[in-house]
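Chain and residue survey
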Amino acid sequence: MTLSQADLSSISTLLNREPTPVETHIFDAMWSEHCSYKSSKAVLKAHLPIQGSEVALGIGEDSGIIRFVVHNGRQYCLAVSHESHNHPSQILPIEGAATGVGGVVRDVYCMGADVIGVLNSLHFGLSDDPQSVVHTIAKNVVIGVSDYANPLGVPVLGGETVYHPSYNDNCLVNVAAVGLIDEADIIHSYVPEEAKTEPYDVILFGKSTDATGFGGASFSSSTLDKENDIKNVGAVQVHDPFLKRVLVEAIKHLLQVVKTKKIAIGFKDLGAGGICCATSEIAVAGGMGVEIDLDRVNVAIPDLNPEVIACSETQERFCLVVPRTFSQEVLDIFNRQFSFPEIYPASGAVVIGQVIPDGRFIVRHKGQLVADLPVAAITTEVKAERHAESRPIARDAQHSVSLNSDEHRAIAIQLMGLPNMRSKRYVYRFFDNAVRGDTIVYPGEADSVLVTPIEGCNAAVAVSMDSNLYGKCDPYVSGAYAVAEAVRNVIAVGARPLCVTDCLNYGNPENPSAFFDFVEGVKGIGDASRAFGFIDGEALPVISGNVSLYNESKAGSAVIPSPVIVVIGRVDDYHRAVTLQLSEPGLRLIRIGRAYSEFGGTQIQELVGALNGVAPQVRFEYESRANRAVLAAIDAGLVAAAHDISGGGVLGAIFEMCLGQLGDFRVGAELSVSGDPLTTLYSENGGYLLAVRQQNGAAFEALMMAHGQSIDDIGRSVVSLSVTVAGGGVQYSVPLTEIKSQWRPEIQ
Amino acid sequence: MANPRLAVIQFPGSNCEYETRRAAGYFGFDAEIIRWNTTENVDRFDAYILPGGFSYQDRVRAGAIAAKLPIMELVTRGAAMGKPVLGICNGCQILSESGLIAGVSLGDIEVGMAANTRDGHPIGFICDWRYVTVSNPSASLFTRYFDGGDILPVPINHGEGRFVLNQSAQDRLSELATFRYCDDQGNSATTFPDNPNGAYQALAGVCSVQGNVLGIMPHPERSAFLKQIPLSIRGPWQAKKQSVFSDQVDGAGPWEKLFVSFYDYSKGRM
């Protein structure tokens, strides 16, 4: 438990008595950082734009929902949830990562949406020691994600795998889920108005309750201590995607009945804090109270303590509030039509309590009252005063490093072998990327994956998940750049960005310098979201998010500031989408975006240590104009291939455009350098590398001019299967076979 | 005359039933998803597909528990009557555990689906696109319209896809082998990754002696449409996929002949 002495005394003051053991556990979960956002809430509120005219449901429930497309008179929307499961994955990587997927998809299903894909952002440590635990964690996290997503039947639509030594003691596992729903079918996670005039039951359904995940919320809200690893194992939940898959089918069936019969219900998933948190929140959010009888809960093992039944985080469970007249039909769907008690011991649906008019949260166990809390006590906003203490951020972007051609050639070859530049096929071959049959642009073929989830509709969902390593140099840039890059990745396939979600991974907020990093990151995300809106006068709305603090070990090593961003976009007609591989010679290669000598946290800095520590700044006004110009050019059919410029700079981008998804290069490229070669080739200031056919050149130039966008012709694709660089005192050529052997040294 | 009625059987843990129904519907079937515990008589269907997924979480062995469900007795009865039965991925594993493919008579289990290996070492789940050729087009009702020269790109997504055959089945291989992994030129797969899971004789699909039951580990329903083909595929399908974007072309994918043959046969039996 993580409740402090001060917390305990404020609880006593609030209740005017000592809390019972069950009540103490409820507060432990609800007042944890994980559930209460007590350190972060004020910062998020102050800086993130959350409004937008296309937001169907903003922050506040289990998922945010953005309008996607109208088809056959129906307003289709995308429900998005974005979560972290860092602490559990560090302790038990397979279970931790798997339940990370399991938890985030529940948030989407309980809105009534069907999950069409998940993405994951995996941050692993680096070690030269082959025996190091960081390798085991990396391997097992990947297995955990695939163990859940593949059986559940949701495609992994991308994400990223990032390596840095600051993740050696704390890996990061962030998962986002995207679901499709008709706006008219959105189900809310609160007791409906109707419960004020007719009796409503509380139904628990899914896996039978056991002791797994007990104390999970508070465990995830503290720093990890190796001494406690064994103790913490019990706080990690255990996954069962098979059961979830059948539950999802039963839920679809239930919601169809609910829709046909026009029954008002409330629906919520069970996550942190288990039965107590879910049932109290669903009641409180509807302005009602709730009365729960723990003896009715289906349990996996007998004689569980009441606080365990009430607060364990057993996976694969949901709760419903439905009119009492409808309860039997609900039980029948789960227990008979889908035979849950036969396919998993003691699973199924059961009425565990009722909605009550007065604002109390009452829990009984073996006839005894084990919790009786005024709703006001549960909804009390807890706030922790945190202090930010700024640290010096480098801004002087001078550099005087000069390399000769041979040295340049040597680092060009090494670039694509860096851990963060290499092909990640050895990771993603574990993930089913095509189940549901809707995938049309696959991971690695373009900057975003594309899926067409609506039968008969040409609109495609583009989605990208991004973060970077700039946070150590500049926490503000880290947040702003993550948004800017995810926006570019969506635009580069020809999609219009619709919304943002974030997952903010930082160290201990009680440490003023770590808290400064957090605040700066949120400011960066907020400013970028406001700058990159695609509806006039509006920001790109942040519709969902998660904060994960305390990503540090007791030894004091914290992760570098690691905000992870998802941007979702819409391609109106998938036939007009653009991918990244160069497939023919003679294409003009055009750079959109300026290169500055800002090398902090960049890939080239790994290879040329003497470079400055200024993170690549995001120049909002310029990049926003470039974004619109590029999208217009793709819309007009003037772009043959497109790729964003980020990690590895323009040289990394050109290598990737030659290599494609698998390293089956078809053409080579010639690049001309003007100005400082290190800056031109390796700057990670955001931009695009576009391939334009000669016959479209004039129309492309005219369109760019109309957008006030300057362009930079930097080369062309050629028949010869090598990349040649010339200018700025540098001249070299590298065969693509040599690059491929760095990038994808073995076939996986 | 009505279209043939196809049951896509949803086991607990199936997860490809919807795209399977969509693909079958595109090629003319009147396809319905039927739950494993249905109390209705599934004899009314003209054909069956057992779709992909992880029935019962692959407990014991993939497909082992689903193969013992009552509904499989009905599928077996249909197979004995000559109705077409197609098992894809987990459906293939269920067919092998039911003895509906490769046995001298229905119910003889002579083929098993083992965990993926590379050079004899386990490698876990694989998501990839591979190529297969048709070994003996006339052996099965599903492959009648192919010829030996067809090189079909197809996605694989499985952890236990390695065909292993007992001696009796090995001796009858020429009549059972339906699809074999190959390289992008159509040459028999001898090593990873062309043979992605270490399957005996690079087998990707095996049929019953009578030819009306087919178990296939790759996913034809996910390559039924042109737009589902990845751009990174090699061979003529790359240019065809490119035409989706350059010429706004849509339509059927490389597995059209399988579905059309399946449909025609089912229709012919009505």
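This structure is a prediction, so every number in the text was calculated from the model and none was measured. Numbers given for residues are sequential positions, taken from 1 along each chain in its written order. The order in which chains are written sets their letters, starting at A; the order in which ligands are written sets their numbers, starting at 1. Where totals are concerned, whole chains, interfaces and linings use all residues; where local detail is concerned, this predicted model gives features only for residues with pLDDT of at least 70, and gives and counts side-chain atom pairs only at 80 or more. Just so you know, side-chain values use all the structure's heavy atoms and leave hydrogens and water out.

Further remarks concern the pairing of strand β21 (residues 641–645) of chain A. Residues and elements named next belong to chain A. Along β21, 5 of the 5 residues are buried, which leaves the element largely enclosed by surrounding structure. In this description, strands pair whenever DSSP reports at least two bridges between them. Helix and strand definitions here come from DSSP, where helices need a minimum of 4 consecutive H or I residues and strands a minimum of 2 consecutive E residues; each element is numbered from the N-terminal end. With 5 bridges joining them, β21 and strand β23 (residues 687–692) adopt antiparallel strand pairing. Paired with H643 across the strands is L689, a residue of β23. Relative accessibility under 20% of the residue-type maximum defines a buried residue, over 50% an exposed one, and the middle range a partly exposed one, all with a 1.4 Å probe and only protein chains included.

Below, the discussion takes up the packing of aromatic side chains. Stacked, tilted and edge-to-face are the three classes applied to pairs of Phe, Tyr and Trp rings, where Trp contributes its six-membered ring and a pair requires centres within 6.5 Å; stacked means planes under 30 degrees apart, edge-to-face means over 60, and tilted covers the rest. Enumeration over the complete set of coordinates arrives at 22 aromatic pairs over all chains. Relative to F259(B), the ring of F27(B) has its centre 5.0 Å away and its plane inclined at 5°; by these criteria the two rings are stacked. With F27(B) in the loop between α1 (17–26) and β2 (30–35) and F259(B) in helix α7 (residues 256–269), this pair connects stretches of sequence that are 232 residues apart. Of the two residues examined, F27(B) and F259(B), each falls in the buried class. Look at F29(B) and F262(B): their rings are 4.7 Å apart centre to centre, the planes differ by 55°, and that puts the pair in the tilted class. Remark: F262(B) occurs in helix α7 and F29(B) occurs in the loop between α1 and β2; sequence separation between them is 233 residues. Ring pairing ties together the aromatic residues F205(A), F267(A), F318(A), F334(A) and F340(A), which thus form one cluster. Between R429(A) and the ring centre of F430(A), over which it is positioned, the NZ or CZ distance is 3.9 Å. The ring of Y596(A) carries R619(A) above its face, with NZ or CZ at 3.5 Å from the centroid. Charges are assigned to positions over rings by a cutoff of 6 Å between ring centre and Lys NZ or Arg CZ, combined with an angular limit of 35 degrees from the ring normal.

Another aspect to go through is the interface of chain A and chain B. In this description, contact between two residues means that some pair of their heavy atoms is separated by no more than 4.5 Å. Across the contact, 49 residues belong to chain A and 44 residues belong to chain B. Of all residues in chain A, F242(A), R429(A) and H575(A) give up the largest surface area on contact with chain B, accounting jointly for 17% of the area buried on that side. By convention in these notes, a salt bridge is any Lys or Arg side-chain nitrogen within 4 Å of a carboxyl oxygen on Asp or Glu. Measuring nitrogen to oxygen at the nearest pair gives 3.1 Å for the salt bridge that ties D438(A) to R22(B). As used in this structure description, the phrase polar contact means that two N or O atoms lie within 3.5 Å; if the pair is within protein, one of them must be able to donate a hydrogen and the other to accept it, and residues adjacent in sequence are counted only when both atoms belong to side chains. Along the contact surface separating chain A from chain B lie 30 residue pairs in polar contact (both at pLDDT 80 or more). Accessible area that two parts lose when put together, with a 1.4 Å probe and added across both, is what the buried area reports.

pLDDT gives the predictor's per-residue confidence on a scale running from 0 to 100. Per-residue confidence for chain B gives a mean pLDDT of 95, with 100% of residues at or over 70. Of the two predicted TM-score estimates for the complex, the pTM is 0.95 and the ipTM is 0.95.

For the rest of this paragraph, the subject is the state of the cysteines. One way to say it: the disulfide is the covalent bond shared by the sulfur atoms of two cysteines. Cysteine sulfur atoms that come within 2.5 Å of each other are treated as a disulfide pair. As enumerated under the stated definition, the model contains 0 disulfides over all chains in all. We note that C110(A) lacks a disulfide partner, and the nearest cysteine sulfur, in C319(A), lies 8.8 Å from it. The thiol sulfur of C89(B) is not disulfide-bonded, and the nearest other cysteine sulfur, from C16(B), lies at 6.5 Å.

All names here are of chain A. The buried fraction of strand β9 (residues 289–293) is high, at 4 of 5 residues. Pairing geometry for β9 and strand β11 (residues 348–356), over 4 bridges, is antiparallel. In the strand pairing of β11, G289 is matched with I356. Examined bridge by bridge, β9 and strand β12 (residues 360–365) share 4 bridges and lie parallel to one another.

All names here are of chain B. P193 follows F192 through a cis peptide bond whose omega is 0°. Checked against the element boundaries, P193 lands in the loop between β11 (177–182) and β12 (203–207). For Q201, which is not a glycine, the phi torsion comes out positive at approximately 55°. If you trace the backbone, Q201 turns up in the loop between β11 and β12. Using a relative accessible area of 45% as the deciding quantity, one classes Q201 as partly exposed.

This brings us to the nonpolar core. For our purposes a nonpolar core is just a set of buried Ala, Val, Leu, Ile, Met, Phe, Trp, Tyr and Cys residues, chained together by side-chain atoms within 4.5 Å. Membership of the largest hydrophobic core comes to 150 residues, with the highest contact counts inside it found for V105(A), V118(A), F334(A), F11(B), F163(B), F179(B) and W255(B). Counting residues per element, this core draws most heavily on helix α10 (residues 241–261) of chain A, at 11 residues. The next biggest cluster of nonpolar side chains, apart from the first, holds 76 residues, and it includes I440(A), V477(A), V692(A) and C182(B).

Expected helix span is given by 1.5 Å per residue-to-residue step, counting one fewer step than there are residues. For helix α6 (residues 93–109) of chain A, which comprises 17 residues, the first-to-last C-alpha distance of 24 Å matches the rise-based estimate of 24 Å (1.5 Å per residue) to within 8%. Summarising burial for α6(A): 15 of the 17 residues are buried, a large majority.

Moving on, we come to the sheet that holds strand β10 (residues 317–323) of chain A. In sheet architecture, strand pairing relies on hydrogen bonds along the backbone and comes in two forms, parallel and antiparallel. Residues and elements named next belong to chain A. An order of β8-β10-β7-β11-β9-β12-β13 is seen for the 7 strands of this open sheet, with the pairing classed as mixed. The sheet is open, and its two edges are formed by β8 (266–269) and β13 (368–374), each paired on a single side. Averaged over all neighbouring strand pairs, the angle between strand axes comes to 20°, with direction disregarded. Examined bridge by bridge, β12 and β13 share 6 bridges and lie antiparallel to one another. Bridge pairing links V363 to A371 in β13. Axis lines are fitted to C-alpha atoms, over the contacting stretch for helices. Their N-to-C directions set the angle, which ranges from 0 to 180 degrees. Contacts between helix α2 (residues 21–30) and the sheet are confined to β12 and β13, with β13 contributing the most and set at about 40° to the helix. Most of the contacts of α10 go to β10, to which it runs at about 15°, and overall it touches β7 (200–206), β8 and β10.

Residues and elements named next belong to chain A. In spatial order, the strands read β21-β23-β20-β24-β22-β25-β26; together these 7 strands make up an open sheet with mixed pairing. Strand pairing shows two members of the sheet lacking a second neighbour, β21 and β26 (730–735), which therefore form its edges. Here the strands of the sheet are splayed against their neighbours by 20° on average, with no regard to which way each runs. In terms of strand pairing, strand β22 (residues 668–672) meets strand β25 (residues 722–727) through 4 bridges, oriented parallel. Across the sheet, S672 pairs through a bridge with A726, a residue of β25. Strand contacts of helix α21 (residues 620–635): β20 (588–592), β21 and β23, with the helix running at about 25° to β23, the strand carrying the most contacts.

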